[in-house]
Amino acid sequence: MTEDAIIIGGGFAGLSAAMQLARARRRITILDTGLPRNRFAAHSHGFLAQDGRPGGDILADARRQLAAYETVTFRDAPAERLEGERDAFCVVTGDGARIDARRVLLATGFEDQLPDIPGLAERWGKTVLHCPYCHGYEVGGGPVGVLARTSDAARFAAVVADWGDVTLFTNAVPEPDEKDLAVLEARNVKLRPGRVTAVTDGPGGMLAVETGPGIPTLVKALFVSPEARVRSDIPRDRGLEMKQTPIGSILHTDDTGQTSLPGLYAAGDIALGAANIALASANGVKTAVFLHHSLIWS
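Starting from 1, residues in each chain are numbered consecutively following that chain's sequence as written. Only residues with pLDDT of 70 or above have their local features reported here, since the model is predicted, and side-chain atom pairs are shown and tallied only from 80 upward, although totals for entire chains, interfaces and linings are computed over all residues. As a rule here, side-chain values come from all non-hydrogen atoms in the structure, and water together with hydrogens is ignored.

## Observations concerning the sheet that holds strand β9 (residues 143-147)
Short version of the rule: Whether two strands pair comes down to DSSP finding at least two bridges between them. Runs of H or I in DSSP of at least four residues are treated as helices and runs of E of at least two as strands, each being numbered from the N terminus.
Strands sit in the order β8-β15-β9-β10-β11 across an open sheet of 5 strands; the sheet is parallel. This sheet does not close on itself; its edge strands, each paired only once, are β8 (128-129) and β11 (190-192).

## Structural notes on the environment of A198
As a reminder, the rule being used: Residue contacts follow a heavy-atom distance rule, with two residues in contact if any of their heavy atoms lie within 4.5 Å.
Residue placement: A198 occurs in strand β12 (residues 198-201). Setting aside its immediate chain neighbours within four residues, A198 contacts I117, P118, A208, V209 and E210.

## Considerations on the side chain of T71
Spelled out, the test is: Throughout this description, a polar contact denotes any pair of N or O atoms lying within 3.5 Å of each other; where both atoms belong to protein, one of them has to be capable of donating a hydrogen while the other can accept it, and for residues adjacent in sequence the pair is counted only when both atoms sit in side chains.
Within the element layout of this structure, T71 appears in the loop between α2 (55-67) and β3 (72-75). Here R26 takes part through its backbone oxygen, which lies 3.0 Å from a polar atom of the side chain of T71. Not counting the four nearest positions on each side in its chain, T71 is found in contact with A22, R25, R26, R27 and I28.

## As for unusual backbone geometry
Counted only if it meets this: The cut-offs for exposure are 20% and 50% of the maximum accessible area for each residue type, with area from a 1.4 Å probe on protein chains only; residues under the lower value are buried, those over the upper are exposed, and the others partly exposed.
Phi is positive for D87, which is not a glycine, with a value near 75°. Summarising the element assignment, D87 is placed in the loop between β4 (79-85) and β5 (88-93). Of the residues examined, D87 reaches a relative accessible area of 35% and is grouped as partly exposed. For N188, which is not glycine, the phi torsion reads 60° and is therefore positive. Within the fold, N188 resides in the loop between α5 (178-186) and β11. The class for N188 is exposed, based on a relative accessible area of 62%.

Take a look at the structure:
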């Protein structure tokens, strides 16, 4: 039986999209590997009515609610390959199944690629953070760090200064220009030149950021914008048009969420770039509505 749509990815964008299509009584299959991008963070913040809840708990509630719709099927398997075209797609899963569908929605999210600095990865989502809107309030003020990865780090550091006393570790990235330096000075952001060589545990739960010989800089948390990579080989295999952003390559989509391959849609981080749970969910809803319309006006 041909599904109306296959949703690849069971995170906030994918499940929000699924809810719209389920309520339109459309037959959908959701493919999910159970590895959401925010799995490293203990709690979700800034999501209306869900502030402070573990992200996994919110997703589990969403799956239970969707399971009540008789047209929804869950498969805990990755999508290995996308064949076919609009109205005649076939998704081949990691367990060898072949699922036919008229439309496909990619909502796989990103994998975050952190700088190769000892001590960074094991603290990711705990004291090494990417989003001040998600986690800055809980840091509680005081000394915080921003680790530069690109030339946009100065702007990021100026924003993070609303949540603490910021030190910007330039980490061998070109230092800010005069205009950005003036903003950083007005925001009381301190610059720490040199390459960051390690992040270790400091006294009293602090982080010690090492920049070569000398005394490490102590901070309560270190913010970094990792390079984001689309968690799927489908865009590359199908030659989809991509768009460059400060955080990495995302899928190019039109105003309806459709990619450069007709009938294939994308939602969430991989279509938005820098986003959070609320934005990913809203984008999933919007894209699903346009996908539904395309089933009628094809």
